[in-house]
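# Report on the structure
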Amino acid sequence: MQLSFVNALLRPRAHLGLRVARTFSTAPVNFSRGTVLKSCLASEVTSSPLRNSWLYRRCYSVIAQRKPTVLDSLEPRFFSANAIHGAAQTSQLPVLAPPAVGRWLLFSSAMVFAVIVVGGVTRLTESGLSITEWKPITGIIPPMNVEDWSAEFEKYKATPEFKLLNHSITLDEFKNIFYMEWGHRVLGRLIGITFVFPLVYFGLRKKLTTSMPTQLTGMALLIGFQGFLGWYMVKSGLEDSIMDTPGAVPRVSQYRLAAHLGTAIVLYAGMLGTGLAAIKDWRYARGGSWNGSSTMNWKNVLSNPVVKRFSHLSKGLSALVFLTALSGAFVAGLDAGLLYNEFPLMGGRLAPPMDDLFSSSYAKNTDGSDMWWRNIFENPTTVQFDHRVLAMTTYLSTCLLFAYSRRPAIRALLPPLARKSVTAAFAMANVQVLLAAQVWRKAGMQAKSPGL
């Protein structure tokens with residue numbers, strides 16, 4: 001792509017023996033003024049018998065005159081992987097990461113998405129408290145014989161969950177919930193292994209751009225923190241103090257559950273975004289289109305006030321989706337979804353009574369100063385109401401952003417990939433609505449069933 005001007009100049013005279021290489025190296029590149037085009041032309045023409053001819057002198061003089069224009073299109077700030085312009089010019093790291101880095105990050109993001117799904121299944125099957133210890137190394141090996149299983153079962157019998165809920169569980173039933181939690185933990189370990197070792201390899205081989213080492217090292221540390229945070233969450237459901245609270249149900253802290261899920265979402269978004277950026281930058285540098293368009297000028301698009309506003313709206317919607325997901329973690333942690341199994345009403349009303357939403361029984365301070373925020377995070381009724389409001393707000397916001405992107409004036413300014421992305425977001429929002437409808441339908445059928 002750097003030699004597009006040279007190609008246009010020399011293509012009519014290809015029969016004279018001048019060759020042009022259309023390659024983009026991942027080796028360390030110094031984009032100092034005048035170096036790139038001079039070296040590229042010199043390497044192709046030095047050995048030619050026309051070295052001192054009029055054609056050589058004309059090519060060199062024309063390129064020297066057009067040098068600022070060509071170099072401007074090659075500035076590192078052009079690529080999303082090199083947002084820091086000055087550092088990218090002086091660094092010994094490559095301007096672009098090879099596609100292998102992008103594919104590795106996309107694979108890592110897929111594994112994080114899988115572990116989130118498995119974590120959700122673990123929560124729904126109430127399997128998370130079946131393993132009572134955290135052994136980062138030896139814990140990867142499950143019980144191998146009858147004695148090992150008996151020992152694990154005895155440890156589980158000492159937990160509040162067994163004493164209050166599962167006192168009649170058998171060893172075979174215990175194995176089912178044990179393997180669910182064990183699989184969740186093993187998948188988390190695999191994510192760490194498949195991320196850290198390739199990171200070290202790509203770092204030593206200098207395949208990462210200037211901004212990547214710091215970003216990816218932060219992700220690696222976050223993966224390790226996730227392991228600790230997962231155990232910290234499980235530990236909250238194993239405390240014996242639960243036995244002293246009348247009517248208490250053994251469950252993990254909703255605060256720690258929300259932190260565990262939120263960290264996983266941040267990891268997923270970081271890996272996915274960085275991987276997609278690396279692959280798209282590489283394809284564009286190799287002559288591909290920018291964001292799906294071969295005619296749009298990236299500088300004009302990104303500097304357009306309308307596009308900037310659309311970008312801010314998209315980021316705001318992303319933050320709203322993240323907040324809604326965290327509120328869902330509070331619903332799961334408190335089993336708040338079991339209180340009202342109808343939609344859109346709650347107990348025949350649009351909103352529960354104010355006394356139910358802000359009950360003084362949740363306040364722990366004698367003056368009741370903590371009643372407001374404790375009801376928001378600890379009252380199952382308020383938590384479910386908040387989640388409903390956030391979910392409806394998120395869906396409505398997604399619909400409005402999609403409609404905004406379909407306006408002819410806005411559609412003409414947005415790159416094709418931006419339009420496809422907002423369409424995909426709108427489609428997934430509708431899928432969420434359909435899934436939620438099935439959940440409410442099943443919950444309503446269970447409530448009407450005899451014996452429940």
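First things first, this report covers the structure right here in the doc. Predicted model only: the values in this text are computed from it and were never measured. (Residues numbered from 1 in each chain as written. Predicted model: local features only at pLDDT ≥ 70, side-chain atom pairs only at ≥ 80, totals over all residues. Heavy atoms only, no water.)

### Things to note about the overall build of the chain
Inclusion rule: Every helix listed is a DSSP run of H or I at least four residues long, and every strand listed is a run of E at least two residues long, numbered separately from the N terminus. Remark: exposure states derive from per-residue accessible area (1.4 Å probe, protein chains only) relative to the maximum for the residue type, with buried under 20%, exposed over 50%, and partly exposed in between. We call two residues contacting when some pair of their heavy atoms lies within 4.5 Å. Note on areas: these come from Shrake-Rupley sampling with a 1.4 Å probe, and a residue is covered only by the protein chains present in the view.
Counting secondary structure elements, the chain contains 17 helices and 0 strands. Out of the 452 residues belonging to the chain, those deemed buried represent 37%. A fraction of 76% describes how many contacts in the chain between residues 6 or more apart in sequence connect residues 24 or more apart. Summed over its atoms, the accessible surface of the chain is roughly 25200 Å², and 63% of this surface lies on carbon and sulfur atoms.

### Focus: the nonpolar core
This is how the line gets drawn: To qualify as a nonpolar core, a set must consist of buried Ala, Val, Leu, Ile, Met, Phe, Trp, Tyr and Cys residues joined through side-chain atoms within 4.5 Å.
If you look at the biggest cluster of nonpolar residues, it comprises 21 residues, and the most contacted ones within it are Val101, Trp104, Phe195 and Leu216. Of all the secondary structure elements, the ones that give two or more residues to this core are α5 (99-124), α8 (171-204), α9 (212-236) and α10 (254-285). Looking at which element gives the most residues to this core, the answer is α5, with 6 residues. Leaving out residues up to four positions away in the same chain, Val101 has contacts with Phe202, Lys207, Leu208 and Met212. In terms of nonpolar packing, the next biggest core, distinct from the first, is built from 14 residues, Val252, Ala258, Phe330 and Val383 among them.

### Remarks on unusual backbone geometry
Note the cis peptide between Phe343 and Pro344, where omega equals 10°. Inspection of the secondary structure puts Pro344 in the loop between α12 (305-334) and α13 (354-357). Positive phi, close to 55°, is recorded for Glu126, a residue that is not glycine. Tracing the backbone shows Glu126 in the loop between α5 and α6 (146-157). For Lys206, which is not glycine, the phi dihedral falls at a positive 55°. Inspection of the secondary structure assignment puts Lys206 in the loop between α8 and α9.

### Focus on α10
To keep things clear, this is the line we draw: One less than the number of residues in a helix, times 1.5 Å, gives the span that helix is expected to have. Throughout this description, a polar contact denotes any pair of N or O atoms lying within 3.5 Å of each other; where both atoms belong to protein, one of them has to be capable of donating a hydrogen while the other can accept it, and for residues adjacent in sequence the pair is counted only when both atoms sit in side chains.
The first and last C-alpha atoms of α10 sit 46 Å apart over 32 residues, in line with the 46 Å expected at 1.5 Å per residue. Sitting at the head of α10, Ser253 places a side-chain oxygen 3.3 Å from the backbone nitrogen of Tyr255. Of the residues one or two after α10, Gly287 is the one with positive phi, at around 105°.

### Section: the environment of Leu400
Topologically, Leu400 is positioned in helix α15 (residues 380-405). For Leu400, a relative accessible area of 56% translates into the label exposed. Each C-alpha atom, one on Leu400 and one on Phe426, is 9.4 Å from the other, the two residues being 26 residues apart in sequence.

### Observations concerning α5
With 26 residues, α5 extends 38 Å from end C-alpha to end C-alpha; this agrees with the ideal 38 Å at 1.5 Å per step. Looking at the packing, one finds that the buried side of α5 touches α8, α9 and α10. Just downstream of α5 lies Glu126, where phi reads positive at about 55°.

### Regarding the side chain of His260
Topologically, His260 is positioned in helix α10. The buried category is assigned to His260, whose relative accessible area is 16%. In this structure, His260 is in contact with His184, Gln226, Leu229, Gly230 and Met233, ignoring residues within four places of it in sequence.

### Concerning the packing of aromatic side chains
What counts here: Whether two aromatic rings pair depends on their centres lying within 6.5 Å, for rings of Phe, Tyr and Trp, where Trp uses its six-membered ring; planes under 30 degrees apart make the pair stacked, over 60 edge-to-face, and the rest tilted. For a lysine, the NZ atom is tested; for an arginine, the CZ atom; a charge sits over a ring if that atom is within 6 Å of the ring centre and within 35 degrees of the ring normal.
The final tally for this structure, using the stated rule, is 22 aromatic pairs. Both rings, one in Trp104 and one in Phe202, keep their centres 5.4 Å apart while their planes meet at 45°; by these two values the pair is tilted. On the criterion of sequence distance, the pair formed by Trp104 in helix α5 and Phe202 in helix α8 is long-range, its members being 98 residues apart. Assigned by exposure class, Trp104 and Phe202 land together as buried. Here Phe178 and Tyr179 contribute two aromatic rings whose centre-to-centre distance is 6.2 Å and whose plane-to-plane angle is 80°, an arrangement assigned as edge-to-face. Grouping aromatic residues by their ring pairs yields a cluster made of Trp149, Phe153, Tyr156, Phe162, Phe174, Phe178, Tyr179 and Trp182. Taking the ring centre of Tyr232 as reference, the NZ or CZ of Arg256 above it sits at 3.6 Å.

### A closer look at the environment of Ile223
In this structure, Ile223 sits in helix α9. Residue Ile223 is classed as buried on the basis of its relative accessible area of 12%. Spatially, the C-alpha atom of Ile223 lies 9.3 Å from that of Val196, the residues being 27 residues apart in sequence. Once you skip the residues sitting within four places of it in the chain, Ile223 turns out to touch Ile191, Gly192, Phe195, Leu267 and Met271.

### Here we look at a nonpolar patch on the surface
Formally: Patch criteria: residues need more than 30% relative accessible area and no salt bridge. Like-charged residues are merged within 9 Å; nonpolar side chains of Val, Leu, Ile, Met, Phe, Trp and Tyr are merged within 5 Å. For salt bridges, the criterion is a side-chain nitrogen of Lys or Arg within 4 Å of an Asp or Glu carboxyl oxygen.
Taken together, the side chains of Leu190, Ile193, Val196, Phe197, Val200 and Leu204 make up a nonpolar region of the molecular surface, amounting to roughly 580 Å² of accessible area. Here Val200 is to be found in helix α8. On the accessibility criterion, Val200 (44% relative accessible area) is partly exposed.

### Some words on the pattern of salt bridges
Evaluated as defined, the whole model comprises 9 salt bridges. Residue Asp335 is joined to Arg251 by a salt bridge in which the shortest nitrogen-to-oxygen separation is 3.2 Å. Taken together, the residues Asp335 in the loop between α12 and α13 and Arg251 in the loop between α9 and α10 connect sequence positions 84 residues apart. Residues joined in a network through salt bridges with shared partners are Glu133, Lys135, Glu152 and Lys155.

### Digging into the packing of α5 against α10
In a pair of packed helices, the angle between the axes and the distance between the axes together describe the arrangement. Where we set the bar: Only C-alpha atoms enter the line fits that serve as axes; for helices the fit covers just the stretch in contact. Angles between N-to-C directions range over 0 to 180 degrees. Small angles under 35 degrees read as roughly parallel and large ones over 145 as roughly antiparallel, with 65 to 115 read as roughly perpendicular and the rest as oblique. Crossing handedness follows the turn of the near helix against the far one: under a right angle anticlockwise gives a left-handed crossing, and clockwise gives a right-handed one. Think of it as three bins: nonpolar holds Ala, Val, Leu, Ile, Met, Phe, Trp, Tyr, Cys and Pro, charged holds Asp, Glu, Lys and Arg, and polar takes everything else, Gly as well.
The N-to-C vectors of α5 and α10 enclose an angle of 155°; their axes lie 8 Å apart at closest approach. One element, α5, and the other, α10, form an angle in the roughly antiparallel class. As α5 packs across α10, the resulting crossing turns out to be left-handed. Residues of the contact of α5 with α10, tallied by class, amount to 18 nonpolar, 5 polar and 2 charged.

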